[in-house]
Amino acid sequence: MEKSAHTTQPNQITYKHMAKYKLEYLWLDGYKPVPSLRGKTQIKEFSSFPKLEELPLWGFDGSSTQQAEGHSSDCILKPVAVYPDSTKKNGAIVMNEVMLPDGSPHPSNARATILDDPGAWFGYEQEYFLYKEGRPLGFPKEGYPAPQGPYYTGVGYQNVGDIAREIVDTHLDLCLDAGINHEGINSEVAKGQWEFQIFGKGSRNAADQVWVARYLLLRLCEKYCVDINFHCKPLGATDWNGSGMHSNFSTTYMREVGGKEYFEKLMAAFDKYKNEHIAVYGPDNHMRLTGLHETQSIDKFNYGVANRGASIRVPHSFVNNGYKGYLEDRRPNSAGDPYKIASRILQTIATVPTK
């Protein structure tokens, strides 16, 4: 117990209550092409909800997560963000970077590669499928449901089923309870497909929150015996939409200075590095970026005002505001790592000189 600085009577000491907090440490493993979330819990005493700087380093067996060899398996967890967990008494979710024992970033640590830019803003639109018994929620055991059309922002049992809305609404509440800057949800074009949106200021903030939101969704669905399928084209070469993670981005210069000349140079840079972007925008993107279903072909780069079939969609507000504001990269897919996406976008922006 911690001694208080006050006394009510001479020689009388009061004590501040220390609560036992359940700290769920999360990190990304070394699996490829997409890392998986891992988590384990430790109990620590704090007088109030812990601040980030109060959280200790921790370790794990990297040989079990494809991040180390068995003869030297220790990896270090470095807390980078903490969120309250409303499903547990004194619960906290701690997002971590994986570090080597010498304190340097582990090779799998994509977060450490993101340029530190407090003026960078990101908004991610995370699409995904709810899956049960090997097929999208609401699909019949054999064949397909009625074609796409009524499912996008749909209402009613025929369109959204009986538990999907309960899942996504509960997930929304869990995210808001955690302080995640969740900006909205909607059912998507394919049956069983949904989306949530998260915005954050700072080059890493939104990506941290996407990973924690994914964790909350995966954990929630355990009780419904439902899986989350983040693959970008789980229904293959059919006339069913794939899943993206459209990434909206801006920097201070883009919002406050911008201009058509800078914009055109920026788009030229995105064209120049299109292959580098595709390399980190999620696996199997060739199945999704076909030029159909609101996509541009994977081997091409273009941009267009309000064009959802472009690589980068330029909002009307951007042009009307003197080519200032944010842009939307529509190529990242639903399984992409937002850390790698943010890192690559900021690297490309950094190659374009500003006045």
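Check the entry above for the structure.
Scoring rules and cut-offs
- Residues numbered from 1 in each chain as written.
- Predicted model: local features only at pLDDT ≥ 70, side-chain atom pairs only at ≥ 80, totals over all residues.
- Heavy atoms only, no water.
- Helix = DSSP H or I, 4+ residues; strand = E, 2+ residues; numbered from the N terminus.
- Rg over C-alpha atoms; globule rule 2.2 N^0.38 Å.
- Areas by Shrake-Rupley, 256 points an atom, 1.4 Å probe, with all protein chains shown as cover.
- Pairing = 2+ DSSP bridges.
- Axes fitted to C-alpha atoms, helices over the stretch in contact; angles between N-to-C directions.
- Phe/Tyr/Trp six-rings, centres within 6.5 Å; stacked < 30°, edge-to-face > 60°.
- Buried < 20%, exposed > 50% of the residue type's maximum accessible area, 1.4 Å probe, protein only.
- Lys NZ or Arg CZ within 6 Å of the ring centre and 35° of its normal.
- Disulfide = S-S within 2.5 Å.
- Salt bridge = Lys/Arg side-chain N within 4 Å of Asp/Glu carboxyl O.
- Core = buried A, V, L, I, M, F, W, Y, C linked by side-chain atoms within 4.5 Å.
- Contact = heavy atoms within 4.5 Å.
- Parallel < 35°, antiparallel > 145°, perpendicular 65-115°, else oblique.
- Left-handed = near helix turned anticlockwise from the far one by under 90°.
- Nonpolar A, V, L, I, M, F, W, Y, C, P; charged D, E, K, R; others polar.

> Whenever I open this one, the overall build of the protein chain confuses me. Can you help?
Counting its secondary structure elements, the protein chain contains nine helices and 16 strands. A compact globule built from 355 residues would reach a C-alpha radius of gyration of about 20 Å, and the protein chain, at 22 Å, matches this within 12%. Taking the principal axes of the C-alpha coordinates as reference, the protein chain spans close to 75 × 60 × 50 Å. Counting every atom, the protein chain has about 16,800 Å² of accessible surface; 50% of that belongs to carbon and sulfur.

> Which parts of the structure should I look at to understand the sheet that holds strand β4 (residues 37-46)?
Adjacent strands of a sheet pair through backbone hydrogen bonds, lying either parallel or antiparallel. Strand order in the open sheet formed by five strands is β4-β3-β7-β6-β5, with mixed pairing between adjacent strands. Both edges of this open sheet fall to β4 and β5 (58-61), since each of them pairs with a single strand only. Geometrically, the sheet is characterised by an average inter-axis angle of 40° between neighbouring strands, direction not taken into account. As defined by bridge partners, β5 adjoins strand β6 (residues 74-85) across four bridges and the pair is classed as antiparallel. Looking at β6, one finds that Trp 58 is bridged to Leu 77.

> Which parts of the structure should I look at to understand the packing of aromatic side chains?
Applying the stated criterion to the full structure yields 19 aromatic pairs. Residues Phe 129 and Tyr 131 carry aromatic rings whose centres are separated by 6.3 Å and whose planes lie at 85° to one another, so their mutual orientation is edge-to-face. Of the two residues, Phe 129 and Tyr 131, both sit in the buried class. Members of the aromatic cluster, connected to one another through ring pairs, are Phe 139, Tyr 144, Tyr 151 and Trp 240. When the ring centre of Trp 211 is taken as reference, the NZ or CZ atom of Arg 214 above it lies at 4.6 Å.

> Which parts of the structure should I look at to understand the state of the cysteines?
Should the sulfur atoms of two cysteines be covalently bonded, the bond is a disulfide. Across all of its chains, the model carries zero disulfides by this definition. Free of any disulfide, Cys 175 has its nearest neighbouring cysteine sulfur in Cys 221, separated by 12 Å. Take Cys 175: its relative accessible area is 0%, and that puts it in the buried class. Residue Cys 232 stays outside any disulfide, its sulfur separated by 20 Å from that of Cys 221, the closest cysteine.

> Any chance you could explain the pattern of salt bridges here in plain terms?
Summed over all chains, the structure comprises twelve salt bridges. Ionic pairing is found between Arg 38 and Asp 29, a salt bridge with its closest N-O pair at 2.9 Å. When the shortest N-O distance is used, the salt bridge between Arg 219 and Asp 85 registers 2.9 Å. Note that Arg 219 is positioned in helix α3 (residues 205-222) and Asp 85 in strand β6, a separation of 134 residues in sequence. The two residues Arg 219 and Asp 85 agree in class, both being buried. Residues joined in a network through salt bridges with shared partners are Glu 97, Arg 111 and Asp 208.

> Looking at this structure, how should I read the nonpolar core?
Nonpolar side chains in soluble globular proteins tend to be buried together. Residues Leu 130 and Leu 327 are the most contacted members of the largest nonpolar core, which totals 67 residues. Here this core takes eleven residues from α3, the largest share from any one element. Beyond its immediate chain neighbours, meaning those up to four positions away, Leu 327 contacts Ser 247, Asn 248, Phe 249, Met 254, Phe 263, Leu 266, Met 267, Ile 312, Arg 313, Val 314, Pro 315 and Phe 318. In this structure, Leu 23, Trp 27, Cys 75 and Val 94 belong to the second largest nonpolar core, which totals 13 residues.

> So what exactly am I meant to see when it comes to the packing of helix α5 (residues 260-272) against helix α9 (residues 338-350) here?
Relative orientation and spacing of two packed helices are given, respectively, by the angle between their axes and the distance between those axes. With their axes 9 Å apart at the nearest point, α5 and α9 run at an angle of 125° to one another. By the criterion of interaxial angle, the relationship of α5 to α9 is oblique. In the packing of α5 onto α9, the handedness of the crossing is right-handed. Contacts between α5 and α9 involve Tyr 262, Leu 266, Ala 269 and Phe 270 on the former and, on the latter, Ile 345, Thr 348 and Ile 349. Grouping the constituent residues of the contact of α5 with α9 by class yields six nonpolar, one polar and no charged.

> I would appreciate a short explanation of the pairing of strand β8 (residues 121-132) in the present structure.
On any regular strand, side chains alternate: one points to one face of the sheet, the next to the other face. Of all twelve residues in β8, ten are buried; the element is thus mostly enclosed. Here β8 runs beside strand β13 (residues 245-250); their pairing, made up of six bridges, is antiparallel. Bridging across to β13, Gln 126 finds its partner in Met 245. Across three bridges, the pairing between β8 and strand β12 (residues 227-229) is antiparallel. Note that in β12 the partner of Phe 129 across the bridge is Asn 229. Of the pairings in the sheet, the one linking β8 to strand β9 (residues 135-136) comprises two bridges and is antiparallel in character. Counted as the bridge partner of Lys 132 is Arg 135 from β9. Where β8 folds back on β9, the antiparallel hairpin that results is connected by two residues, among which Glu 133 adopts a positive phi of roughly 55°.

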